[in-house]
Amino acid sequence: MSKAKNVGATLDRARPIDHQKSHEIQAFGHVTHLPIALSENVARKSVENLNQVLADTITLRDLYKKHHWQAAGPTFYQLHLLFDKHADEQTELVDAIAERIQLLGGVSIAMAHDVAERTLIPRPPKGREAAPIQISRLLHAHEIVLKEARAMAGRAAEGGDDGTNALLVSDVIRRNELQVWFLAEHVVDAPVVRA
Ligand SMILES: [Fe+2]
């Protein structure tokens with residue numbers, strides 16, 4: 001091989017191979033079996049349930065960010081900060097739920113279009129809403145997540161999937177309950193100066 005050809009071949013190896021396309025390695029909805037001592041049936045049911053909680057948790061996280069950006073009124077500063085704190089905590093839940101779906105052999109829902117199709121949380125308007133309406137929307141979304149997470153946690157425990165049960169109870173349910181408390185106290189009509 002000539003020297004020039006040699007240089008060309010070396011450069012070729014250094015060139016990034018971009019714009020690659022191929023088929024998926026695992027279709028959405030298919031569950032592969034990992035050696036974690038759980039039956040495929042139990043893992044499949046947990047994956048299905050967790051994908052629903054995941055879609056709703058991503059939507060709830062996004063609803064918090066919307067309200068964080070679009071907050072208005074005398075309580076702007078505290079709500080702006082509170083909504084962002086809750087969004088960060090929901091992001092941690094999103095990651096934990098998605099990774100559990102993968103370790104159960106499933107495929108986690110991920111992209112906004114797919115999340116929008118799946119979520120049970122009603123779509124808010126694009127425009128800004130007043131603080132009490134923002135809070136009402138968030139409380140309703142939390143209740144949807146809490147209701148499904150409690151039912152799913154029970155089913156996971158019945159099937160012996162203690163890991164999914166623990167994630168739903170210790171992380172999802174307890175975090176959502178705490179956030180509901182912090183939100184709900186903002187819409188109690190308590191006097192500010194004189195009782
Ligand atoms: Fe921000």
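Refer to the structure printed above.
Remember, it's a predicted structure, so these values are computed and weren't measured experimentally.

What counts as what
- Residues numbered from 1 in each chain as written.
- Predicted model: local features only at pLDDT ≥ 70, side-chain atom pairs only at ≥ 80, totals over all residues.
- Heavy atoms only, no water.
- Salt bridge = Lys/Arg side-chain N within 4 Å of Asp/Glu carboxyl O.
- Helix = DSSP H or I, 4+ residues; strand = E, 2+ residues; numbered from the N terminus.
- Buried < 20%, exposed > 50% of the residue type's maximum accessible area, 1.4 Å probe, protein only.
- Core = buried A, V, L, I, M, F, W, Y, C linked by side-chain atoms within 4.5 Å.
- Contact = heavy atoms within 4.5 Å.
- Expected span 1.5 Å × (residues − 1).
- Bend = angle between axes of the 7 residues up to and from the residue.
- Phe/Tyr/Trp six-rings, centres within 6.5 Å; stacked < 30°, edge-to-face > 60°.
- Lys NZ or Arg CZ within 6 Å of the ring centre and 35° of its normal.

Peer 1: How should the pattern of salt bridges be read in this particular structure?
Peer 2: Opposite charge on two side chains lets them pair, provided their charged atoms get close. In the structure shown here, the tally under the stated rule is nine salt bridges. Here R175 makes a salt bridge to E89, at a shortest N to O gap of 3.5 Å. Highlighted residues: R175 in helix α6 (residues 162–184) and E89 in helix α3 (residues 76–103), separated in sequence by 86 residues. Here R175 falls in the partly exposed class, since its relative accessible area comes to 31%.

Peer 1: Hey, could you run me through the nonpolar core in this one?
Peer 2: Burial of nonpolar side chains together is a common tendency in soluble globular proteins. Judged by nonpolar contacts, the single largest core of 41 residues is most densely connected at L54, I97, L168 and V172. Mapped by element, the contributors of at least two residues to this core are α2 (40–70), α3, α5 (131–158) and α6. It is α2 that provides the largest number of residues to this core, a total of 11 residues. Not counting residues within four places of it along the chain, the set of residues in contact with I97 comprises L50, V53, L54, T57, L167 and V172.

Peer 1: I'm lost on the side chain of H86 in this one. Help?
Peer 2: With respect to the helices and strands, H86 occurs in helix α3. Using a relative accessible area of 2% as the deciding quantity, one classes H86 as buried. The residues contacting H86, other than those within four sequence positions of it, are Y64, Q179 and F182.

Peer 1: Would you mind going over the environment of A110 with me for this structure?
Peer 2: Position of A110 relative to the elements: it lies in the loop between α3 and α4 (112–118). Between the C-alpha atom of A110 and that of R128, which follows or precedes it by 18 residues, the distance is 26 Å. Not counting chain neighbours up to four residues away, the residues in contact with A110 comprise I58 and V115.

Peer 1: In this structure, what is going on with α6? I would like to understand it.
Peer 2: What sets the pattern is the α-helix's 3.6 residues per turn: residues three or four places apart point alike. Taking 1.5 Å of rise per residue, the 23 residues of α6 would be expected to cover 33 Å, and the 31 Å separating its terminal C-alpha atoms lies within 8% of that figure. The principal kink in α6, of about 30°, is found at L168. What α6 keeps buried is the set T164, L167, L168, V172, I173, N176, Q179 and L183.

Peer 1: Looking at this structure, how should I read the packing of aromatic side chains?
Peer 2: Ring pairs (aromatic) are described by centroid distance and by the angle formed between their planes. Tallying each qualifying case throughout the model produces two aromatic pairs. Judged by centre distance (6.0 Å) and plane angle (55°), the ring pair of Y64 and F83 falls under tilted. Here the residue Y64 occupies a position in helix α2, and F83 occupies one in helix α3, the gap between them amounting to 19 residues. F83 matches Y64 in its accessibility class, with the two residues each being buried. Relative to F182, the ring of W181 lies with its centre 5.2 Å away and its plane at 75°, an arrangement referred to as edge-to-face. F182 gets classed as partly exposed once you look at its relative accessible area, which sits at 39%. If you follow K85 out to its NZ or CZ, it ends over the ring of F182, 6.0 Å from the centre.

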